[in-house]
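# Coordinates in review
Residues per chain are reported as follows:
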Amino acid sequence: MSRLVVISNRVSSPGKRAVQAGGLAIAMQAALSEHGGLWMGWSGKSSGAREPGKPVFREEGRITYALTDLSRPDIDEYYTGFANSVLWPLCHYRLDLTDYARKDMAGYFRVNRFFAQQLAPHLRPDDVVWVQDYHLIPMGSELRHMGVKNRLGFFLHIPWPPPDLFFALPVHETIVRRLTAYDLVGFQTQFDADNFASCLEREGIGRALEDGWFEAYGHRFRVGVFPIGIDTAGFAQLAQNAVRSGSVRKIEESFRDRDLIVGVDRLDYSKGLTHKIEAFDKFIAANPASQGRATLLQITPKSRSEVLQYATLQRQVAEFAGRVNGRHGTPDWVPIRYVNRSIGQATLAGIYRVARVGLVTPIRDGMNLVAKEYVSAQRSEDPGVLVLSRFAGAARELDGAILVNPYDIEAVANAIAQALSMSMEARRQRWNQMMQHLLKHDISKWCRDFLEALRAP
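## Overview of the pattern of salt bridges
Going through the model one piece at a time under the given rule, you end up with 26 salt bridges. Between Arg 144 and Asp 183 there is a salt bridge whose closest N-O contact spans 2.8 Å. Of this pair, Arg 144 sits in helix α4 (residues 139–145) while Asp 183 is found in the loop between α6 (172–179) and β7 (184–187), placing the two residues 39 residues apart along the sequence. Accessibility expressed as a relative area gives 24% for Arg 144, which makes it partly exposed. Residue classification places Asp 183 among the buried residues on the basis of a relative accessible area of 9%. For Glu 215, the salt bridge identified is with Arg 207, shortest N-O distance 2.9 Å. Classification of Arg 207 as partly exposed rests on a relative accessible area of 49%. Each of Asp 74, Glu 77, Lys 103, Asp 104 and Arg 110 takes part in salt bridges that share partners, so that together they form one network.

Structure, rendered in structure tokens:
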């Protein structure tokens, strides 16, 4: 089988099991471990110079890692600037938070060209190249300009917005055109694929053929839907083992005779954290029996602190949680336990397993693997209930969840009450249908389906 080459913005340092709040690094580790190959990207460090560093290669098992440091201007313009201050908010339907600057846009394309220049000499003729996420949209076209003929695939982990929203980006036509250089462009949901197809057709960039195929600039490419999964069986085993650990036993003991509701979200405005806290506040106020009994454990690792909006959000979330605790708390009960740091995967899995409700309510999310982890971690004989935003990609798959509109605060509050009062039979039925789906559509299937489609003529 041909070698798999993955390019992503960040590459986890080999030999280090860093705590991962997101799913991309975990997914790529699993895919490359199964297939073997090369993984290239940013080390997460600054070169301390005006120029980026050369890739440093290291082999670990079946994976060859190629990590490079970026210069300070690269980080400011490519990463903090265009990727996370323009593309991220735009794709999450937050046009009001975009901060477009031509300098940042130029840096974004410059870094993509740099990565392509570093990768091209190391490609073998039969390598299959898989580019990951919004940071690296132009990579495919840069490689094509260098004469690379390999099969090139791209997968977008975040949502793709409808044309009227995306066209607000001054360089929207260039971004869309760059995606047509790939042989396969993958999305999380059919909604995202449809939005992208509409952008192609509205701008006259490409024309639809049949069965997901398009043609643009004389090149045929395919658009497909590949919902990302997790290692379902592995995570279920991790959760089962975790409840025997001392740290999880302490957490379970601290919630004995109380109802634990868990939320795990990276600190990001797309996660709807203040909406969630408001909904929990309303739930407590409307359900006197839950006062002194129900607790929301909200775990929120810090994220992108260098972006102004994130530092502001961190203060807002802490203030919201503090107000709820001040309003409803008692000497022996804190309504919200707010943890503003990363928690290890094993401990998280154990917390999911003992929580009666998983509260996953982003206002927009490409997939949201926390929802899938929560379901996978449950006890089959006494499962908890997932309350899930209908604006998360996972809502298209997890039909046993209670789906909510996170903007409807009262509806989310009612959903929490419904989840806590649900009968054992209903909980088991909902969990079973979701778990069977997740076991079948796991991370291996996601990788296999994408690569089979990419390798197909």
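There is more to say, and it comes next.
## Section: the confidence of the model for the chain
Averaged over every residue, the pLDDT of the chain is 93; residues scoring 70 or more account for 96%. Note on residues 17–22: pLDDT is under 50 here. Beyond four places in sequence and across chains, it has eight contacts.

## Describing the nonpolar core
One finds Leu 119, Met 139, Trp 160 and Ile 175 to be the most contacted residues of the largest nonpolar core, which totals 93 residues. It is helix α2 (residues 72–91) that contributes the most residues to this core, ten residues altogether. Beyond its immediate chain neighbours, meaning those up to four positions away, Met 139 contacts Ile 7, Asn 112, Phe 115, Ala 116, Leu 119, Val 131 and Tyr 182. In terms of nonpolar packing, the next biggest core, distinct from the first, is built from 63 residues, Val 262, Ile 343, Met 367 and Ile 443 among them.

## Describing the packing of helix α9 (residues 246–254) against helix α12 (residues 345–354)
For any two helices packed against each other, the geometry comes down to the angle between their axes and how far apart the axes lie. Running from N to C, α9 and α12 cross one another at 30°; their axes reach a closest spacing of 9 Å. Compared by their axis directions, α9 and α12 come out roughly parallel. For the crossing formed where α9 meets α12, the hand is right-handed. Contact residues: Ser 247, Val 248, Ile 251 and Glu 252 in α9; Thr 347, Gly 350, Ile 351 and Val 354 in α12. Residue composition of the contact of α9 with α12, by class: four nonpolar, three polar and one charged.

## Concerning helix α10 (residues 273–286)
In a regular helix each residue adds 1.5 Å, so 14 residues correspond to 20 Å; α10 covers 20 Å between its end C-alpha atoms and thus fits that length. Within α10 the residues assigned to the buried category are Leu 273, Thr 274, Lys 276, Ile 277, Ala 279, Phe 280, Asp 281, Phe 283 and Ile 284. Where α10 is buried, its residues contact β11 (259–264), β12 (294–299), α11 (308–328), β13 (336–339), β14 (357–360) and α14 (409–421).

Calculation criteria
- Residues numbered from 1 in each chain as written.
- Predicted model: local features only at pLDDT ≥ 70, side-chain atom pairs only at ≥ 80, totals over all residues.
- Heavy atoms only, no water.
- Salt bridge = Lys/Arg side-chain N within 4 Å of Asp/Glu carboxyl O.
- Helix = DSSP H or I, 4+ residues; strand = E, 2+ residues; numbered from the N terminus.
- Buried < 20%, exposed > 50% of the residue type's maximum accessible area, 1.4 Å probe, protein only.
- pLDDT = per-residue confidence, 0-100.
- Contact = heavy atoms within 4.5 Å.
- Core = buried A, V, L, I, M, F, W, Y, C linked by side-chain atoms within 4.5 Å.
- Axes fitted to C-alpha atoms, helices over the stretch in contact; angles between N-to-C directions.
- Parallel < 35°, antiparallel > 145°, perpendicular 65-115°, else oblique.
- Left-handed = near helix turned anticlockwise from the far one by under 90°.
- Nonpolar A, V, L, I, M, F, W, Y, C, P; charged D, E, K, R; others polar.
- Expected span 1.5 Å × (residues − 1).

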